[in-house]
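# Working through the structure, step by step
The lines below spell out each chain.
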Amino acid sequence: MDMKQHCVKLSVQPSRGLVDEKFTVLVQNLLPGFQLTIHALHQCEDGHSWEAFAHYTADATGIVNVSRDPSLGGTYSGVEPMGLLWSLRPVPGSKTGLRWRKMNVQTPMGVTILVYQGHQTEGFVDQVLLASVVVERWYMAPGVRRVPITEGRLTATLFLPSGPGPFPGLLDLWGGGGKLVEYRAALLASHGIASMALDYLTPQITKETGRMVDNDYFETAYRVLKQYPQILGSRIAMLGLSFGAGVTLRMAVYSKGLKLSCAVCINGSHVQPIDGPLEQMMTYFNKNAYKTRVDENNQVIWRDLMLPIPTDPSLKVDMGRLQCPLLLVVGEDDQNWPTYESAMDMKEMMERAGNSHLLTVLSYKNTGHLIEPPFTPFARASTFKMVTNPRTKVMALWGGELVAHSRAQEDAWRKTLVFLRENLYGGMKHGASFSNL
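Quick look at unusual backbone geometry now. Cis geometry marks the peptide bond from Gln13 to Pro14; its omega dihedral reads -10 degrees. With a phi angle near 65 degrees, Asn298 is a residue other than glycine that sits in the positive phi range. By the secondary structure assignment, Asn298 is in the loop between strand S16 (293–294) and strand S17 (300–301). Positive phi is not limited to glycine here, since Phe375 has a value of about 70 degrees. Topologically, Phe375 is positioned in the loop between strand S19 (359–364) and strand S20 (381–385). Judged by relative accessible area, Phe375 falls into the buried class, the value being 5%.

The structure is reproduced here in structure tokens:
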């Protein structure tokens, strides 16, 4: 029977919200037992299209509620309220190795939700469309301010929460791909933490001099953040992913200019030469390049470069000297860094030194390297440009399994926000509204 005659009603609530905010997808005015496909379609800023879809059967009242009803097949199965986001994947025919990333945080991620008759798996443009609606997911909440920072020759962007402040601050470091990546900092600011996204591998000063930045670059970033009028200078954190996690650990333990309230490290390691400039970290990795593996799909595995974890104290950060709370987020299937082995060694070092009470470890099975904010589409592998040789592209294997990785992203983000609030806002009234759009 043609359901178009029944005026199928599709609603998504809230239709406009933060990317880490769940929505409810409801399809009404169906016939009981009617089979349908819900399709999510998104076009990235780079022009590539991504899709997710799931098969449902209407209940006895002619309703499908994605938050309640199981998907019977598609890009995800079972009851998954946000499966239409986290299972987004490049549409058939796309080039291989794509990774989803939001580049312009001042515009929303627009997703069109469509309902089709029957259980469809391809050729959606040729199917019977029953209803559609466009939803917006934002990294910047209303009132969040984006402030480009060039002071101290920094390449950085500061995101200030809505309201007068003052706010606790955070330095946000991404990994070995370089560039100024803003979306996590924007989302943290949307939750009341003023966050500075910092480019430290490909900043303007490096382009001009041809030299990597040193520790004083991070100390300058800390000082600029601390002295900013709306920042609580006594409450500043540092968050790093991958290579940025190694930098965070180095600065938290050894820098005399930084006094952190807490630190968060996502899939990184304390293994690095501790006496010498940042460039020496790269040299150390390159020296171990012979340990690089390639799998049957010609995907590059780098996790062995730092294995076995060295016993030489000059080759790893002395975690026994850490004096601020530390949250380690660990993907146990990380194929890029030996994250799990590093976390266990850090834990042992801190236990021996008597400061393990400062350590919290979140460890996730079947979870890969790229632990992102919730509902970010999963990439088990993607093309990667080497900072040291940007003309060379490889297919890097990050690891992880779709469902487990997506669950880990949601859980780790929620617990990271709790950790940051406890250590940055503890003992004071929140200076910002944490309500979503």
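With mixed pairing, the eight strands of this open sheet are ordered in space as S10-S11-S13-S12-S14-S15-S18-S19. Here the strands that pair on one side only, and so sit at the sheet edges, are strand S10 (145–149) and S19. Recorded for the sheet is a direction-independent mean angle of 20 degrees between the axes of neighbouring strands. Direction of pairing for strand S12 (residues 167–173) relative to strand S14 (residues 231–241): parallel, over a ladder of six bridges.

Take the sheet that holds strand S6 (residues 64–65) next. The strand order across the open sheet formed by three strands is S1-S3-S6, and the pairing between neighbours is antiparallel. Two strands in the sheet have a free side with no partner beyond their single neighbour: strand S1 (9–13) and S6.

Rules used throughout
Residues numbered from 1 in each chain as written. Predicted model: local features only at pLDDT ≥ 70, side-chain atom pairs only at ≥ 80, totals over all residues. Heavy atoms only, no water. Helix = DSSP H or I, 4+ residues; strand = E, 2+ residues; numbered from the N terminus. Buried < 20%, exposed > 50% of the residue type's maximum accessible area, 1.4 Å probe, protein only. Pairing = 2+ DSSP bridges. Axes fitted to C-alpha atoms, helices over the stretch in contact; angles between N-to-C directions.

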